[in-house]
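Residue-level structural notes
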Amino acid sequence: MRLERVAAHVPTGAYLADIGSDHGYLPVALIRRRVIAAAVAGEVASTPYQSALRTVHENGLGQYIAVRLADGLAAIEPQDRITAISICGMGGATIRDILQSGKARLGGQERLVLQPNGGEQPLRQWLMDNGYRVVCEELLRENRFDYEIIVAERSGPVVYTPEQLYFGPLQMQARSPAFLLKWQRLLRLKQRTLKELVHARKAVPEEKRQTLVQQVEWIVALLGSTAETTR
Ligand SMILES: C[S@@+](CC[C@H](N)C(=O)[O-])C[C@H]1O[C@@H](n2cnc3c(N)ncnc32)[C@H](O)[C@@H]1O
């Protein structure tokens, strides 16, 4: 379901670069459904690279999907004429680092379809700092994990508040049931952690404690009266 939802954000006719493709399921499914025109499946590690090669070969799609062993956006060549980049199933900070170190390979017209496993805040910060607007956001729960999908396009300067970077600007507006449940759960966890810090008198760096206090304040403000029922 997670990759199905990612797939839904890849535009029809796209030339897709799926970075960290692993098994290569995403580009293979999109080519088989005739949603995209062609794809690059990039992998930095040998075993998943072999796995992607096998999936592409078994589906007879070698002429549509180039599987490349490369670090991040180094998998992309100008002649690929990439119009969408998916980077999914890694931490948000890792996705940010891939975008940052591969910046020279971004033409600016590519739609970014990102699915971080946590670390959404530093990723959104990078998007804002680099002139990308969040055009769509989604949150889904699968196997007891919350997954966020962030779709961004370069738009010129954009300013998000610290809370918008933390929660997601569009999710904050939409306040879907899945979003509210996620933050209710996280509020309980963070409040418990704060209590444990106080009781155990743990030597935690003050900055870390302050960050946690700030996050709890933001979540309480976000949830308003629904926060009360979670305590
Ligand atoms: C957990 S898998 C996710 C696979 C697939 N994208 C998905 O969402 O199901 C993460 C993959 O990213 C790859 N990866 C991590 N860092 C990478 C990088 N800098 N460049 C290319 N691939 C990378 C890993 O080797 C691994 O196969």
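Let me begin by describing the structure that accompanies this report.

Criteria and cut-off values
Residues numbered from 1 in each chain as written. Predicted model: local features only at pLDDT ≥ 70, side-chain atom pairs only at ≥ 80, totals over all residues. Heavy atoms only, no water. Near = heavy atom within 4 Å. Polar contact = N/O pair within 3.5 Å; in protein donor to acceptor, adjacent residues only side chain to side chain. Areas by Shrake-Rupley, 256 points an atom, 1.4 Å probe, with all protein chains shown as cover. Helix = DSSP H or I, 4+ residues; strand = E, 2+ residues; numbered from the N terminus. Nonpolar A, V, L, I, M, F, W, Y, C, P; charged D, E, K, R; others polar. Buried < 20%, exposed > 50% of the residue type's maximum accessible area, 1.4 Å probe, protein only. Pairing = 2+ DSSP bridges. Right-handed = clockwise from strand over helix to strand, strands pointing away. Axes fitted to C-alpha atoms, helices over the stretch in contact; angles between N-to-C directions. Left-handed = near helix turned anticlockwise from the far one by under 90°. Contact = heavy atoms within 4.5 Å. Phe/Tyr/Trp six-rings, centres within 6.5 Å; stacked < 30°, edge-to-face > 60°.

Moving on to the site of the ligand. Within the structure, the ligand sits among 16 residues, and R2, G20, E43, D71 and G72 are positioned closest to it. Between the ligand and G20, the relevant distance is 2.8 Å, taken from a nitrogen atom to a main-chain nitrogen or oxygen of the residue. Between an oxygen atom of the ligand and a side-chain N or O atom of E43, the distance comes to 2.5 Å. In the complex, 78% of the free accessible area of the ligand, which totals 590 Å², lies under the protein chains. Contributing elements (two or more residues each) for the shell around the ligand: α1 (2-7) and β4 (84-90). For the shell around the ligand, the leading source of residues is β4, giving 3 residues. When the residues that make up the shell around the ligand are grouped by side-chain class, the tally is 8 nonpolar, 4 polar and 4 charged.

Counting buried positions along strand β2 (residues 38-43) yields 5 of 6 residues, so the element is predominantly enclosed. Looking at chain direction, strand β1 (residues 15-19) and β2 are connected through 5 bridges and run parallel. When the sheet's bridge partners are listed, D18 is paired in β2 with A41. Of the crossover connections in this fold, the one passing from β1 over helix α2 (residues 25-32) to the parallel β2 is right-handed. Remark: the β2/helix α3 (residues 46-58)/strand β3 (residues 65-69) crossover connection has right-handed handedness.

Looking now at the packing of helix α8 (residues 177-200) against helix α9 (residues 206-223). With their axes 10 Å apart at the nearest point, α8 and α9 run at an angle of 145° to one another. As for how α8 packs across α9, the hand of that crossing is left-handed. Where α8 approaches α9, its residues F179, L180, W183, Q184, L187, K190, Q191, T193, L194 and L197 are matched on the opposing element by R209, L212, V213, Q215, V216, I219, V220, L222 and L223. A class-by-class count of the residues in the contact of α8 with α9 yields 13 nonpolar, 4 polar and 2 charged.

Spatially, the 7 strands line up as an open sheet ordered β3-β2-β1-β4-β5-β7-β6, and their pairing is mixed. Every interior strand has two partners, whereas the edge strands, β3 and β6 (132-142), have only one. On average, each strand axis in the sheet is inclined to that of its neighbour by 15°, with strand direction left out of account. Strand direction decides the pairing type here: β6 and strand β7 (residues 145-154), joined by 10 bridges, are antiparallel. Opposite L140, over in β7, you have Y147 as the bridge partner. With respect to the sheet, α8 is in contact with β6 and β7, its orientation differing from that of β6 by roughly 75°.

A separate point is the packing of aromatic side chains. Tallied over the entire structure, the rule returns 7 aromatic pairs. With 5.5 Å between their ring centres and 50° between their planes, Y166 and W218 make a pair best called tilted. Of this pair, Y166 sits in helix α6 (residues 162-167) while W218 is found in helix α9, placing the two residues 52 residues apart along the sequence. For Y166, a relative accessible area of 8% gives the class buried. Ring geometry for F167 against W183: centres 4.8 Å apart, planes inclined by 80°, an arrangement best described as edge-to-face. Taken as a pair, F167 in helix α6 and W183 in helix α8 lie far apart in primary sequence, 16 residues in all.

Just distances and angles here, no functional claims.
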